[in-house]
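Okay, here's what each chain looks like letter by letter:
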Amino acid sequence: MNPVLDTILYRRSIRAYEERPVPDGVREQIIQATLRAPTAGNMMLYSILHVRDPQAKETLARTCDEQPFIARAPLVLLFLADYQRWFDYYLLSGCEDLSERQGQPLQHPEEGDLFLACCDALIAAQTAVLAAESLGLGACYIGDIMENYEVHRDLFHLPRYAFPICLLCFGYPTQQQKELPHTPRFDSRFVVFEDRYHSLSPHEFEEMFRPSTEAMQRTRNLPDGIENPGQWNYRRKFTAAFSREMRRSVRLMLEAWSGR
Ligand SMILES: Cc1cc2nc3c(=O)[nH]c(=O)nc-3n(C[C@H](O)[C@H](O)[C@H](O)COP(=O)(O)O)c2cc1C
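Residues numbered from 1 in each chain as written. Predicted model: local features only at pLDDT ≥ 70, side-chain atom pairs only at ≥ 80, totals over all residues. Heavy atoms only, no water.

## Things to note about the overall build of the protein chain
Reasoning step 1: Secondary structure assignment for the protein chain yields 13 helices and four strands.
Reasoning step 2: Dimensions of the protein chain, computed from C-alpha atoms along their principal axes, come out at roughly 70 × 45 × 40 Å.
Reasoning step 3: A buried classification covers 36% of the 260 residues belonging to the protein chain.
Reasoning step 4: Considering only contacts within the protein chain whose residues lie at least 6 apart along the sequence, 78% involve residues at least 24 apart. (Helix = DSSP H or I, 4+ residues; strand = E, 2+ residues; numbered from the N terminus. Buried < 20%, exposed > 50% of the residue type's maximum accessible area, 1.4 Å probe, protein only. Contact = heavy atoms within 4.5 Å.)

What follows is the structure, given as structure tokens:
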């Protein structure tokens, strides 16, 4: 093994932190490592907001599906998929005039550009996670930042082409968190395919979900007539209130982004 693989394999999400700040120098090391992440066309289509204001953190703890540990995280970084900076620069650089002279309409960022910016922002975020982990910190993603777009837009003064794609909480893990077991993963044969996509057969699904099916069978009092992990996931995640809110919020942001 080598130290990079050790860091990757040891990592788990950390949701409770020691009550000590992350020193500025450590935060700066994380940021500098993050800025070295690969980025499409070397354009750095993301921005990172360091959320310092305790009130803003309290708001996030509520708007991100009631997750109080966000407010207690010593370091909170918001990753934005950001085309605004480049689009502002295009305008500043006279690209509108250029387009007119060439008889073309001014191109605005579209959905494809948003996807590319999301790739950049998420790759940067995971680089930050691994850098932090290597420095003895723990981190947790907050995907619920995609909910309540209007609130986050107003809170952080986000322009049209800057979308919050993930929030990261960092801090020194408590002893209890360090001792947590790793969460399970699906076996690679259900996830990694050769040359072409492989739709799983009922038998493969049965194998894939056998550990969770067995765990579920040991649990009494399953809610709402739920019979298997598929139904559990469908009710508790896919159709849950937070998923519905995420869909509403992202739709609104897409409308703003595409000017509809
Ligand atoms: C895109 C994304 C969104 C996530 N959102 C949340 C979240 O809102 N709250 C939370 O506690 N964990 C969140 N997580 C952490 C996952 O729950 C965690 O990665 C998963 O359960 C696997 O556990 P591990 O990271 O400890 O291996 C998120 C992870 C990802 C990648």
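## Remarks on the side chain of E147
Reasoning step 1: Inspection of the secondary structure puts E147 in the loop between β3 (138-142) and α8 (149-155).
Reasoning step 2: Residues contacting E147, with those up to four places away along its chain left out, are T63, D65, H152, F242, E245, M246 and S249.

## Looking at the packing of helix α12 (residues 229-238) against helix α13 (residues 241-258)
Reasoning step 1: The geometry of α12 relative to α13 is characterised by a closest axis approach of 6 Å and an angle of 55° between their N-to-C directions. Classified by the angle between their axes, α12 and α13 sit oblique to one another. Counted together, R236, K237 and F238 of α12 and F242, S243 and R247 of α13 form the full contact between these two elements.
Reasoning step 2: Classifying every residue of the contact of α12 with α13 by side-chain character gives two nonpolar, one polar and three charged. (Axes fitted to C-alpha atoms, helices over the stretch in contact; angles between N-to-C directions. Parallel < 35°, antiparallel > 145°, perpendicular 65-115°, else oblique. Nonpolar A, V, L, I, M, F, W, Y, C, P; charged D, E, K, R; others polar.)

## Observations concerning the site of the ligand
Reasoning step 1: The ligand sits among 13 residues. The nearest are S13, R15, Q67, D144 and R185.
Reasoning step 2: For the ligand, an oxygen atom lies 2.8 Å from a polar atom in the side chain of R185.
Reasoning step 3: Alone, the ligand offers 620 Å² of accessible surface; in the complex the protein occludes 63% of this.
Reasoning step 4: It is β3 that contributes the most residues to the shell around the ligand, three residues altogether.
Reasoning step 5: Looking at side-chain class alone, the shell around the ligand contains four nonpolar, four polar and five charged residues. (Near = heavy atom within 4 Å. Polar contact = N/O pair within 3.5 Å; in protein donor to acceptor, adjacent residues only side chain to side chain. Areas by Shrake-Rupley, 256 points an atom, 1.4 Å probe, with all protein chains shown as cover.)

## So, the sheet that holds β3
Strand pairing within a sheet occurs via backbone hydrogen bonds; the two strands may be parallel or antiparallel.
Reasoning step 1: One open sheet holds the four strands; their spatial order is β1-β2-β4-β3, and the pairing between them is antiparallel. Taken across any chain shown, the strands that pair with only one partner, and hence form the sheet edges, are β1 (46-50) and β3. Strand-to-strand twist of the sheet, defined as the mean angle between neighbouring strand axes without regard to direction, takes the value 25°.
Reasoning step 2: Pairing between β1 and strand β2 (residues 75-82): five bridges, direction antiparallel. Residue pairing in the sheet places H50 in a bridge with L77 of β2. (Pairing = 2+ DSSP bridges.)

## Focus on the pattern of salt bridges
Reasoning step 1: This model, assessed by the stated rule, comprises ten salt bridges.
Reasoning step 2: The shortest N-O distance in the salt bridge between E18 and R20 comes to 2.6 Å.
Reasoning step 3: Take E18: its relative accessible area is 30%, and that puts it in the partly exposed class.
Reasoning step 4: A relative accessible area of 40% places R20 in the partly exposed class.
Reasoning step 5: In this structure, R27 engages D24 in a salt bridge whose closest nitrogen and oxygen atoms are separated by 3.2 Å. Placement of the pair is R27 and D24 together in helix α2 (residues 24-34), with a separation of three residues, close to one helical turn.
Reasoning step 6: Overall, the relative accessible area of 18% leaves R27 in the buried class.
Reasoning step 7: Salt bridges linked by common partners bring E150, E245 and R248 together as one network. (Salt bridge = Lys/Arg side-chain N within 4 Å of Asp/Glu carboxyl O.)

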